[in-house]
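Chain by chain, the residues:
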Amino acid sequence: MGLTGWKTKAAGLLSITYGAVGILLGLHEADTGMRFVVEGLGILGIGHKIEKIGL
């Protein structure tokens, strides 16, 4: 079928970037920024597992 998972990867990377940049620029507190980073890592991890099992 040719699924590459680019939307999942983009969502994860954007969440990580938003969290990190938000902390650096003072857009949000460190705990909120880290929540975005951890959620982005979770999205990437789940996406990888889905690709790995072949769904």
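**Concerning the packing of helix α1 (residues 6-25) against helix α2 (residues 30-53)**
Argument step 1. It is at 8 Å that the axes of α1 and α2 come closest, and there the two elements cross at 165 degrees. Considering their axes alone, α1 and α2 lie roughly antiparallel with respect to each other. As α1 packs across α2, the resulting crossing turns out to be left-handed. Here α1 contributes T8, K9, A11, G12, L13, S15, I16, Y18, G19, A20 and I23 to the contact with α2, which in turn contributes A30, G33, M34, F36, V37, E39, G40, L41, I43, L44, G47 and E51.
Argument step 2. Grouping the amino acids of the contact of α1 with α2 by side-chain chemistry returns 13 nonpolar, seven polar and three charged.

**What to know about the packing of aromatic side chains**
Argument step 1. Scanning all chains against the criterion turns up one aromatic pair.
Argument step 2. Ring geometry for Y18 versus F36: centroids 4.9 Å apart, planes at 85 degrees, classification edge-to-face. Taken together, the residues span a long stretch of sequence, with Y18 in helix α1 and F36 in helix α2 at a distance of 18 residues.
Argument step 3. A cation over a ring is seen here: R35 above F36, with NZ or CZ 5.2 Å from the ring centre.

**Comments concerning a nonpolar patch on the surface**
Argument step 1. Side chains of Y18, V21, L24, L25 and L27 sit close together on the surface and give an oily, nonpolar patch of about 560 Å² of accessible area.
Argument step 2. Within the secondary structure layout, V21 lies in helix α1.

**Description of α1**
Helical geometry note: an α-helix holds 3.6 residues per turn, so side chains three or four residues apart project in the same direction.
Argument step 1. End to end, α1 covers 27 Å across 20 residues, agreeing with the expected 28 Å (1.5 Å per residue, within 8%).
Argument step 2. Residues of α1 that are buried include every one of G12, S15, I16, G19 and G22, and no others. With its buried residues spanning 140 degrees around the axis, α1 presents them on a single face. Along α1, the residues that are exposed and aim more than 90 degrees away from the buried face are W6, K7, L14, L24 and L25.
Argument step 3. Looking at the buried side of α1, the elements it contacts are α2.
Argument step 4. A positive backbone phi angle near 75 degrees is found at G26, which sits one or two residues after α1.

Analysis parameters
For every chain, the first residue of the written sequence is number 1, and numbering continues from 1 along that sequence. Per-residue local features are limited, in this predicted model, to residues with pLDDT of at least 70; the limit for side-chain atom pairs, both in listing and counting, is 80 or more; totals at the level of whole chains, interfaces and linings are taken over all residues. The basis for the side-chain values is all heavy atoms of the structure; hydrogens and waters are excluded. Where helices are involved, their axes are fitted lines through C-alpha atoms of the stretch in contact, as for all axes, and angles between N-to-C directions lie from 0 to 180°. Strands here mean DSSP runs of E at least two residues long; helices mean DSSP runs of H or I at least four residues long; both are numbered from the N terminus. Any angle from 65 to 115 degrees is called roughly perpendicular, while one under 35 is roughly parallel, one over 145 is roughly antiparallel, and all others are oblique. Definitions for this section: a left-handed crossing has its near helix turned counterclockwise from the far helix by less than a right angle. A right-handed crossing has that turn clockwise. Contact criterion: two residues are considered in contact whenever any of their non-hydrogen atoms come within 4.5 Å of each other. Classification convention: Asp, Glu, Lys, Arg as charged; Ala, Val, Leu, Ile, Met, Phe, Trp, Tyr, Cys, Pro as nonpolar; all other residues, Gly among them, as polar. Each Phe, Tyr or Trp ring, with Trp reduced to its six-membered ring, pairs with another whose centre is within 6.5 Å; inter-plane angles below 30 degrees give stacked pairs, above 60 give edge-to-face pairs, and intermediate values give tilted ones. We call a charge positioned over a ring when the NZ of a Lys or the CZ of an Arg lies within 6 Å of the ring centre and within 35 degrees of the ring normal. Patch membership requires over 30% relative accessible area and the absence of a salt bridge. Like charges are linked within 9 Å, and nonpolar side chains (Val, Leu, Ile, Met, Phe, Trp, Tyr) within 5 Å. What sets the accessible areas is the Shrake-Rupley method with a 1.4 Å probe; for residues, cover comes only from the shown protein chains. Each salt bridge in this description consists of a side-chain nitrogen of Lys or Arg and a carboxyl oxygen of Asp or Glu lying within 4 Å of one another. Expected helix span is taken as 1.5 Å per residue step, with the number of steps being one fewer than the number of residues. Throughout this description, buried means an accessible area under 20% of the type-specific maximum (1.4 Å probe, protein chains only), exposed means over 50%, and partly exposed covers the range between. Directions pointing from the helix axis toward each C-beta atom define the arc.

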